[in-house]
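The residues making up each chain are set out below.
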Amino acid sequence: GQQVMQIPQYQHVQEGEDFTTYCNSSTTLSNIQWYKQRPGGHPVFLIQLVKSGEVKKQKRLTFQFGEAKKNSSLHITATQTTDVGTYFCAGQGYSSASKIIFGSGTRLSIRP
Amino acid sequence: EAQVTQNPRYLITVTGKKLTVTCSQNMNHEYMSWYRQDPGLGLRQIYYSMNVEVTDKGDVPEGYKVSRKEKRNFPLILESPSPNQTSLYFCASSFRTPGQGGSTDTQYFGPGTRLTVL
């Protein structure tokens, strides 16, 4: 079945450093979503990418969807302590378009 | 206030004792979904519903049941809970089935239900 792999599992950075998390799908995706979950909280939707090669920015966050629609990345420039949390990608395939497969998440911690 | 609510937030129960976790949304959303979250495994979809009386299995449906008799409610039923169902459960909803692009695909998550089965 469809799988979405996400790396790294953990990332510990100095405040001000950049951070990137990557997702790879075993199958072509119709779209990919990104979520952030603060410690003790629930996932919060960040963005959805639909088009091949799409790049979207939200302030210091840059999201990319690969040309083959099988991989995606989230890059945070100059991290701040408010960026702490776990970042998840979630993909939907074409064959079972209503199912959503989440990556295992990347937990970001930051040294002030 | 637009929100997804879940009850109870915390539950400790024993093996085999039937339980229901309720989920309700006040946003008139068509799509609702249940996930479980376990360390190192991320969120795994249990069941989803594209509209009233339309439900389907997600990735890990075994041991769970759902129903969607009304648009706003999507209860998760564990007929005979077992210790391997100890987990953090999230309900989520979106205006329509995600994947079509646009703001209506945003999934809103409830606060979570932490279930322990002894």
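Please refer to the structure placed before this passage.
Below you will find a few notes about this structure.

## Observations concerning the environment of Glu 17 of chain A
Inspection of the secondary structure assignment puts Glu 17 of chain A in the loop between strand S2 (10–14) and strand S3 (19–25). In contact with Glu 17 of chain A, other than residues within four places in its own chain, are Ile 76, Ala 78 and Thr 79 of chain A.

## Considering the packing of aromatic side chains
How two aromatic rings sit relative to each other is given by the distance of their centres and the angle of their planes. Residues and elements named next belong to chain A. Enumeration according to the criterion identifies 12 aromatic pairs over all chains in this entry. Ring geometry for Phe 19 and Tyr 87: centres 5.8 Å apart, planes at 45°, overall tilted. Of this pair, Phe 19 sits in strand S3 while Tyr 87 sits in strand S9 (residues 85–93), and the two are 68 residues apart along the sequence. Of the two residues examined, Phe 19 and Tyr 87, each falls in the buried class.

## Observations regarding the interface of chain A and chain B
Contact with chain A, which involves 21 residues of that partner, is made by 25 residues of chain B. Surface buried jointly by chain A and chain B totals about 1700 Å² across both partners, of which 55% is contributed by carbon and sulfur atoms. Across the chain A-chain B interface, the total number found is 0 salt bridges. At the boundary of chain A with chain B, the tally comes to 3 residue pairs in polar contact (both at pLDDT 80 or more). Looking at the side of chain A that touches chain B, the elements with two or more residues in it are strand S4 (29–37), strand S5 (44–49), S9 and strand S10 (101–102) of chain A.

## Focus: unusual backbone geometry
Each neighbour pair has its own omega, and for Ile 7 of chain A with Pro 8 of chain A the value is -5°, a cis peptide bond. Position of Pro 8 of chain A relative to the elements: it lies in the loop between strand S1 (4–7) and S2. With an omega of -5°, the peptide bond running from Asn 7 of chain B to Pro 8 of chain B counts as cis. Of note, Lys 69 of chain A is a non-glycine position whose phi angle comes to about 55°, a positive value. Turning to its location among the elements, Lys 69 of chain A is positioned in the loop between strand S7 (61–65) and strand S8 (71–76). Among the residues examined, Lys 69 of chain A registers a relative accessible area of 12% and is labelled buried.

## Here's the deal with the pattern of salt bridges
Taken as a whole, this structure holds 6 salt bridges over all chains when the rule is applied. Here Lys 56 of chain A makes a salt bridge to Glu 54 of chain A, at a shortest N to O gap of 3.7 Å. Residues participating in the shared-partner salt-bridge network are Lys 18, Lys 65 and Glu 79 of chain B.

## Some remarks on the sheet that holds S8 of chain A
Residues and elements named next belong to chain A. Taken in spatial order, the 5 strands make up an open sheet running S1-S3-S8-S7-S6, and their pairing is antiparallel. If you trace the sheet from one side to the other, it starts and ends with S1 and strand S6 (55–58), each paired once. Averaged over all adjacent pairs, the angle separating strand axes in this sheet is 15°, with direction ignored.

## Some words on a nonpolar patch on the surface
Residue and element names in this part refer to chain B. Judged by side-chain polarity, Ile 12, Val 14 and Leu 118 come together as a nonpolar surface patch covering roughly 320 Å² of accessible area. Within the secondary structure layout, Ile 12 lies in strand S2 (residues 10–13). Overall, Ile 12 belongs to the exposed group, its relative accessible area being 63%.

## Quick word on the state of the cysteines
Throughout the structure, instances matching the rule amount to 2 disulfides over all chains. Between the sulfur atoms of Cys 23 of chain A and its disulfide partner Cys 89 of chain A the distance amounts to 1.8 Å. Where Cys 23 of chain A bonds to Cys 89 of chain A through sulfur, the torsion about that S-S bond is close to -95°, and the disulfide is left-handed. Taken as a pair, Cys 23 of chain A in strand S3 and Cys 89 of chain A in strand S9 lie far apart in primary sequence, 66 residues in all. Given the relative accessible area of 1%, Cys 23 of chain A is considered buried. Through a disulfide, Cys 23 of chain B is tied to Cys 91 of chain B; the S-S separation comes to 1.9 Å. Taking the sign of the S-S torsion, about -70° here, the bridge from Cys 23 of chain B to Cys 91 of chain B comes out left-handed. Of this pair, Cys 23 of chain B sits in strand S3 (residues 19–25) while Cys 91 of chain B sits in strand S9 (residues 87–94), placing them 68 residues apart in sequence. Cys 91 of chain B shares its class with Cys 23 of chain B; the two are buried.

Thresholds, definitions, all that
Residues numbered from 1 in each chain as written. Chains lettered and ligands numbered in written order. Predicted model: local features only at pLDDT ≥ 70, side-chain atom pairs only at ≥ 80, totals over all residues. Heavy atoms only, no water. Helix = DSSP H or I, 4+ residues; strand = E, 2+ residues; numbered from the N terminus. Contact = heavy atoms within 4.5 Å. Phe/Tyr/Trp six-rings, centres within 6.5 Å; stacked < 30°, edge-to-face > 60°. Buried < 20%, exposed > 50% of the residue type's maximum accessible area, 1.4 Å probe, protein only. Buried area = accessible area lost by both parts, 1.4 Å probe. Salt bridge = Lys/Arg side-chain N within 4 Å of Asp/Glu carboxyl O. Polar contact = N/O pair within 3.5 Å; in protein donor to acceptor, adjacent residues only side chain to side chain. Pairing = 2+ DSSP bridges. Axes fitted to C-alpha atoms, helices over the stretch in contact; angles between N-to-C directions. Patch = residues over 30% accessible without salt bridge, like charges linked within 9 Å, V, L, I, M, F, W, Y side chains within 5 Å. Areas by Shrake-Rupley, 256 points an atom, 1.4 Å probe, with all protein chains shown as cover. Disulfide = S-S within 2.5 Å.

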